Amino acid sequence: MDSAFDNLDAAGFLQIWQHFDADDNGYIEGKELDAFFCHMLKKLGPDEEVTPEKVQQLKKRFMSAYDATADGRLQIQELAHMMLPDDENFLLLFRRESPLDNSVEFMKIWRKYDADSSGYISAVELKNFLKDLFAQHKKVISSSKLDEYTDTMMNIFDKNRDGRLDLNDLARILALQENFLLQFRMDACSQEERKQDFEKIFSHYDVSKTGALEGPEVDGFVKDMMELVKPSISGPDLDRFREVLLHHCDVNKDGKIQKNELALCLGVKASQ
């Protein structure tokens, strides 16, 4: 697709993304995807007839190459990889050898860059995040480019246009994988089933393997738990829920949730 988008920059890419993500859900999928590849065909061969068969052929070819998550839809990073030249594609910095699949790691990033603990990421805080990201990848970037990329990210992800990003916005930027807890049946009747599920869940969030959840481990668990009942939670919401959980589960008041404390809270008998 390079020939069709030789001079595409971040701002131009933003316009294309916003046009084809018509329902603003963070993906180009279904009919949006067909419309996008129809547009691509017209760009690549303006004098050729566009047929449904040609659209499907092009879609199959490019989705097999660029749909990294193989979910039949395009995330913004995948589309950027397809369309933007390397020197303009700052979104590639968010691609990983292994996807961000643990809310604990996500919350570490959130806590680091929500420097004022407001429960939101401001434009200045986002700029610091991008600056560190470029440094981490040993890429030199000018101050003006950093400003441009920060503005572009805010335009793409600040859905309510309040000049700041919330938890859900950053989760979309980092392509955080599906909520880990969705794979479990919360109504499991058997005590043995509940015990097995609890062991898997605790192990997932106890990233440090200390036998207790603390700091971002508690945050990650709370985030995923609350999103089961309230799909979109804010930073302030998370802080409130965190305090409630600690109040009820942290029996010895050490600021951590021991494995046996969480088991007691959830009415499960845990292995020692």
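Here's a quick rundown of the structure.

Rules and cut-offs
Residues numbered from 1 in each chain as written. Predicted model: local features only at pLDDT ≥ 70, side-chain atom pairs only at ≥ 80, totals over all residues. Heavy atoms only, no water. Helix = DSSP H or I, 4+ residues; strand = E, 2+ residues; numbered from the N terminus. Buried < 20%, exposed > 50% of the residue type's maximum accessible area, 1.4 Å probe, protein only. Polar contact = N/O pair within 3.5 Å; in protein donor to acceptor, adjacent residues only side chain to side chain. Core = buried A, V, L, I, M, F, W, Y, C linked by side-chain atoms within 4.5 Å. Contact = heavy atoms within 4.5 Å. Salt bridge = Lys/Arg side-chain N within 4 Å of Asp/Glu carboxyl O. 1 Å grid on protein atoms, 1.4 Å probe; cavity = no way out; pocket = protein on both sides within 12 Å on 5 of 7 lines; lining within 4 Å. Points joined across faces, edges and corners; volume = space filled by probe spheres on them. Nonpolar A, V, L, I, M, F, W, Y, C, P; charged D, E, K, R; others polar. Phe/Tyr/Trp six-rings, centres within 6.5 Å; stacked < 30°, edge-to-face > 60°. Lys NZ or Arg CZ within 6 Å of the ring centre and 35° of its normal.

So, about the environment of Asp237. The residue Asp237 is located in helix α11 (residues 235-249) in this model. A residue is classified by how much of its surface remains accessible, and Asp237, at 8% relative accessible area, is buried. Distance from Asp237 to Lys223, taken between C-alpha atoms, is 9.2 Å for residues 14 residues apart in sequence. In this structure the side chain of Asp237 is engaged in a polar contact, spanning 3.1 Å, whose partner is the side chain of Lys230.

Ranked by size, the top nonpolar core spans 68 residues in total, and within it Phe36, Phe37, Leu79 and Phe106 carry the most contacts. Not counting chain neighbours up to four residues away, the residues in contact with Leu79 comprise Phe13, Trp17, Ile28, Phe36 and Leu74.

The next thing to look at is the pattern of salt bridges. Tallied over the entire structure, the rule returns 15 salt bridges. Residue Arg73 pairs with Glu29 through a salt bridge whose shortest N-O separation is 3.5 Å. In this pair, Arg73 is assigned in the loop between α3 (52-66) and α4 (76-83) and Glu29 in the loop between α1 (10-20) and α2 (31-44), connecting sequence segments 44 residues apart. Here the salt bridges share partners, and the residues they tie into one network are Arg111, Asp219, Asp239 and Arg242.

For the rest of this paragraph, the subject is the environment of Gln177. Considering the arrangement of structural elements, one finds Gln177 in the loop between α8 (167-173) and α9 (191-205). A sequence separation of 74 residues divides Gln177 from Ser103, and the C-alpha atoms of the two residues are 8.5 Å apart.

As a further point, take the layout of surface pockets. Put simply, the largest pocket is a space of about 850 Å³. Lining the largest pocket are 30 residues, and of these Tyr27, Arg172, Leu176, Gln177 and Glu178 lie nearest its centre. Contributing elements (two or more residues each) for the lining of the largest pocket: α4, α8 and α10 (216-227). Top element by residues in the lining of the largest pocket is α8. It accounts for four residues. By residue class, the composition of the lining of the largest pocket is 10 nonpolar, 10 polar and 10 charged.

Turning to the packing of aromatic side chains, a few remarks are in order. Going through the model one piece at a time under the given rule, you end up with 10 aromatic pairs. Seen from their ring centres, Phe180 and Phe184 are 5.4 Å apart, and the 65 degrees between their planes marks the pair as edge-to-face. By relative accessible area, which is 17% here, Phe180 ends up buried. Relative to Tyr205, the ring of Phe180 lies with its centre 6.0 Å away and its plane at 85 degrees, an arrangement referred to as edge-to-face. With a gap of 25 residues between them, Phe180 in the loop between α8 and α9 and Tyr205 in helix α9 connect regions that are remote in the sequence. Tyr205 sits in the buried class, given a relative accessible area of 0%. One aromatic cluster in this structure is built from Phe20, Phe36, Phe37, Phe62 and Tyr66. One Lys or Arg, Arg73, reaches over the ring of Tyr27 and ends 3.5 Å from the middle of that ring. Seen from the ring of Tyr120, Arg164 lies directly overhead, with NZ or CZ sitting 3.6 Å from the centre.

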